Amino acid sequence: MPLIRQCLCRPLQYTPFLSSSSSSFSSTPSPRRLGRACSRSLSNATTLSFLKPKVPPPPVYMENPTENGLDSVQLKILKQKLEELGMDSEICVPGQYNHLLCPMCNGGGSEERSLSLFVTNDGGAALWMCFRAKCGWKGSTRAIADSSRPSSGSLSQLTRLKSKREITVESLQLEPLCNELVAYFAERLISWKTLQRNAVMQKKSGDQIAIAFTYRRNGKLVSCKYRDISKNFWQEADTEKIFYGLDDIKGKSDIIIVEGEMDKLAMEEAGFRNCVSVPDGAPPSVSTKELPPEEKDTKYQYLWNCKEYLQEASRIILATDGDQPGQALAEELARRLGRERCWRVTWPKKNEVDHFKDANEVLMYLGSDVLKEVIENAELYPIRGLFNFNNYFDEIDAYYHRTHGYEFGLSTGWRALNGLYNVVAGELTIVTGVPNSGKSEWIDALMCNLNESFGWKFALCSMENKVREHARKLLEKHVKKPFFNASYGGSVERMTVEELEQGKQWLSNTFYLIRCENDSLPSITWVLDLAKAAVLRHGVRGLVIDPYNELDHQRPTSQTETEYVSQMLTKVKRFAQHHACHVWFVAHPRQLHHWVGGPPNMYDISGSAHFINKCDNGIVVHRNRDPEAGPIDQVQICVRKVRNKVAGTIGDAFLCYNRVTGEFMDIDEPTGKR
């Protein structure tokens, strides 16, 4: 039947009175100012209940509700269960969606009826969901818990099994927008031309008026969504879920997806017609579950219903709201559409802390030119593991300007090594040498130097050392006195009890031990997991694994030792890089049958050449054992590999070892001084 204008709505005589706003926030009139012209047009008009709603919007009824289920016993039981959950079951009608106040969130500040409750035709079961983004409460229940006798099929299939209604403008009794609603949109900078092209209409119920957003496919009305002045939303039941504005993206290679109908209209004001809006709200958070199959993906069924339109798009801009639910929606859409063809927008700043929320807000405050610029500057949607150098420009700038001060690495504390080897966070150093050459002692001395100079803390996985023995070695280097009055100390005075107590506190604050509490061997994964905990809990900056052959190296029979070592060192390097933690890994050389006393080669390490191939730094510690060849307290530090030329180079340095305290000193440094 023909549409009839109601007497409350004056004939449309709308002329756009607002031009595009300036891109400057400070010079742009506020929405309150923009609304003055509208308020003048409304001053002599009858105030509509749309502008001041007295009661919540009426529910939208399904056709042919059950006639005999209303008084059934199981319906009464079901209503009682719903009452216990806090729902007003008296207004619930079987066979339709009922819009209620959510007992979990109470509709938020606006007290909107955001809970959608569906009761089966026979009154035997119900399922519900709150569509407020910050709530999302959902669930289901049955009148009688009898799985052998389902009330109307599986609850998860109710939506899929219901037949879709055929609707028309006439059957829904939709009308053209009245002047008051046109003015309402004008305050939001949505023109009459845009409203007309998108077939935005109104629906009256008694003295109430709601905006009607018509959902169409190929020009045919498929569904309709309503909105009142308080931002309460409801939809026609049993209609197909599709995008709002679907026809506008047909055959388009570039499309924009927004979160609300108002944002879709705002995009058109900025010159973008290739835009659609999702029909439902955003989820409170990103789902941690695997993507469901198409037939079970009920929340995002509109994507599958429109997949032939989306398949043609090569670039999809996700312009969802900037709040947490909006970003969660963008992620859920990207998961289904394919991140490789998705882009995302960053809404401009409103002040030092907040950003504008959505497209319509940007249009209202900053104007169409700024909104257009935001869309044109959309960025590639991030894909885990795929980056661009511009993601690291801040880090590169800090590196160039040496902002942090340790870009060349940290000094070992020995002048002889300054030009050869410096400690860089996030690198792997392999240390080798023949037995009893001082590998572990040198690493202990290096840790003491780094703690004294830079405050570094360390995690120690030292399987060859008893705890008390390792503590003695570290304390002697720190206090610079022997632990015992014993022959190795000569005439040097033993550390006092007070020095011991201070040293114990230093040990407790500096080192964290990774040790197996039983007789089993630790695996590299076990060690790295505990090292990660030490990094996050205690701020550890260095990890020592000493030695390699004390780890559990069980591997599949089909895997060679070379393959295993390669895989193991990859794990260690990833740990170091991810946690900015330097790792020292001690590995013994294989048995040297023809050794003549010189330092071994890095390729002599037992297990695999990958030790030298994969490490960032390779060091051989070698002690002279022949008095005729030189001082026996002289230790040769052979730097055999340095991947980062900024931090060092290949070469040899010589240090003097103090057997009494375990200290390593530069050759020209007097005993007892650092």
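Reference entry: report on the structure contained in this document. Here the structure is a predicted model, which means the values were calculated and not measured. (Residues numbered from 1 in each chain as written. Predicted model: local features only at pLDDT ≥ 70, side-chain atom pairs only at ≥ 80, totals over all residues. Heavy atoms only, no water.)

**So, the layout of surface pockets**
And step 1. A volume near 790 Å³ is recorded for the second largest pocket.
And step 2. Lining the second largest pocket are 22 residues; nearest its centre among them are Glu395, Tyr399, Tyr406, Val424 and Ala425.
And step 3. Here the lining of the second largest pocket takes 4 residues from helix α14 (residues 393–400), the largest share from any one element. (1 Å grid on protein atoms, 1.4 Å probe; cavity = no way out; pocket = protein on both sides within 12 Å on 5 of 7 lines; lining within 4 Å. Points joined across faces, edges and corners; volume = space filled by probe spheres on them. Helix = DSSP H or I, 4+ residues; strand = E, 2+ residues; numbered from the N terminus.)

**Some points on the sheet that holds strand β16 (residues 458–462)**
And step 1. The sheet built from 9 strands is open, its strands ordered β17-β16-β18-β19-β15-β20-β21-β22-β23 with mixed pairing. The sheet is open, and its two edges are formed by β17 (511–513) and β23 (663–666), each paired on a single side. Neighbour-to-neighbour, the strand axes of this sheet turn through a mean angle of 25°, independent of strand direction.
And step 2. By the bridge criterion, 4 bridges tie strand β18 (residues 542–546) to strand β19 (residues 582–586) in an arrangement that is parallel. Bridge pairing links Gly542 to His582 in β19. (Pairing = 2+ DSSP bridges. Axes fitted to C-alpha atoms, helices over the stretch in contact; angles between N-to-C directions.)

**Describing the packing of helix α15 (residues 439–454) against helix α16 (residues 467–479)**
And step 1. Two elements in contact, α15 and α16, have axes whose closest approach is 10 Å; the angle formed by their N-to-C orientations is 50°. Here α15 lies oblique to α16, going by the angle between them. As α15 runs across α16, the sense of the crossing is right-handed. Here Glu441, Asp444, Ala445, Met447 and Cys448 of α15 lie close against α16, whose contacting residues are His470, Lys473, Leu474 and Lys477.
And step 2. Grouping the constituent residues of the contact of α15 with α16 by class yields 4 nonpolar, 1 polar and 4 charged. (Parallel < 35°, antiparallel > 145°, perpendicular 65-115°, else oblique. Left-handed = near helix turned anticlockwise from the far one by under 90°. Contact = heavy atoms within 4.5 Å. Nonpolar A, V, L, I, M, F, W, Y, C, P; charged D, E, K, R; others polar.)

**Describing the sheet that holds strand β11 (residues 275–277)**
And step 1. Spatially, 5 strands are ordered β11-β10-β12-β13-β14 in an open sheet, and the strand pairing comes out mixed. Edge positions in the open sheet fall to β11 and β14 (379–380), since each of these has one partner strand only.
And step 2. For strand β13 (residues 342–344) and β14, the ladder comprises 2 bridges, and the chain directions are antiparallel. In the strand pairing of β14, Arg344 is matched with Glu379.
And step 3. Each of β10 (254–258), β12 (315–319) and β13 touches helix α11 (residues 324–337); the most contacted strand, β12, lies at about 165° to it.

**A short note on the packing of α16 against helix α17 (residues 497–510)**
And step 1. Packing of α16 against α17 leaves a shortest axis separation of 10 Å and a crossing angle of 110°. Judged by the inter-axis angle, α16 sits roughly perpendicular to α17. Considering the relative orientation of α16 and α17, their crossing is right-handed. Across the interface between the two elements, Ala471, Leu474, Leu475, His478 and Val479 of α16 pack against Glu499, Leu500, Gly503, Lys504, Trp506 and Leu507 of α17.
And step 2. Its residues assigned to classes, the contact of α16 with α17 comprises 7 nonpolar, 2 polar and 2 charged.

**A word on the pattern of salt bridges**
Close approach of charged atoms allows side chains of opposite charge to pair.
And step 1. Applying the stated criterion across every chain, the model contains 28 salt bridges.
And step 2. A salt bridge links Asp616 to Lys573; the nearest nitrogen and oxygen atoms lie 3.9 Å apart. On the criterion of sequence distance, the pair formed by Asp616 in the loop between α20 (610–614) and β20 (617–623) and Lys573 in helix α19 (residues 561–579) is long-range, its members being 43 residues apart.
And step 3. For Asp616, a relative accessible area of 8% gives the class buried.
And step 4. With a shortest N-O distance of 2.9 Å, Asp652 and Arg640 are connected by a salt bridge. Taken together, the positions of Asp652 in strand β22 (residues 651–658) and Arg640 in strand β21 (residues 634–642) put the pair 12 residues apart, joining distant regions of the chain.
And step 5. Arg640 sits in the partly exposed class, given a relative accessible area of 32%.
And step 6. Here the salt bridges do not stand alone but share partners, grouping Arg197, Asp248, Lys264, Glu268 and Arg273 into one network. (Salt bridge = Lys/Arg side-chain N within 4 Å of Asp/Glu carboxyl O. Buried < 20%, exposed > 50% of the residue type's maximum accessible area, 1.4 Å probe, protein only.)

**Examining the environment of Glu407**
And step 1. Position of Glu407 relative to the elements: it lies in the loop between α14 and β15 (428–432).
And step 2. For the pair Glu407 and Ala647, spaced 240 residues apart in the sequence, the C-alpha separation amounts to 8.1 Å.
And step 3. Setting aside residues no more than four positions away along its own chain, Glu407 makes contact with Ala398, Tyr399, Arg402 and Val646.
And step 4. Among the polar contacts made by the side chain of Glu407, one reaches the main-chain amide nitrogen of Gly405 at a distance of 3.0 Å. (Polar contact = N/O pair within 3.5 Å; in protein donor to acceptor, adjacent residues only side chain to side chain.)

**A word on helix α6 (residues 179–187)**
And step 1. Of all 9 residues in α6, 8 are buried, a share of seventy percent or more.
And step 2. Those residues of α6 that sit buried are Asn179, Glu180, Leu181, Val182, Ala183, Tyr184, Phe185 and Ala186.
And step 3. Taken from the residues just after α6, Leu189 is the one with a positive phi, measuring 65°.

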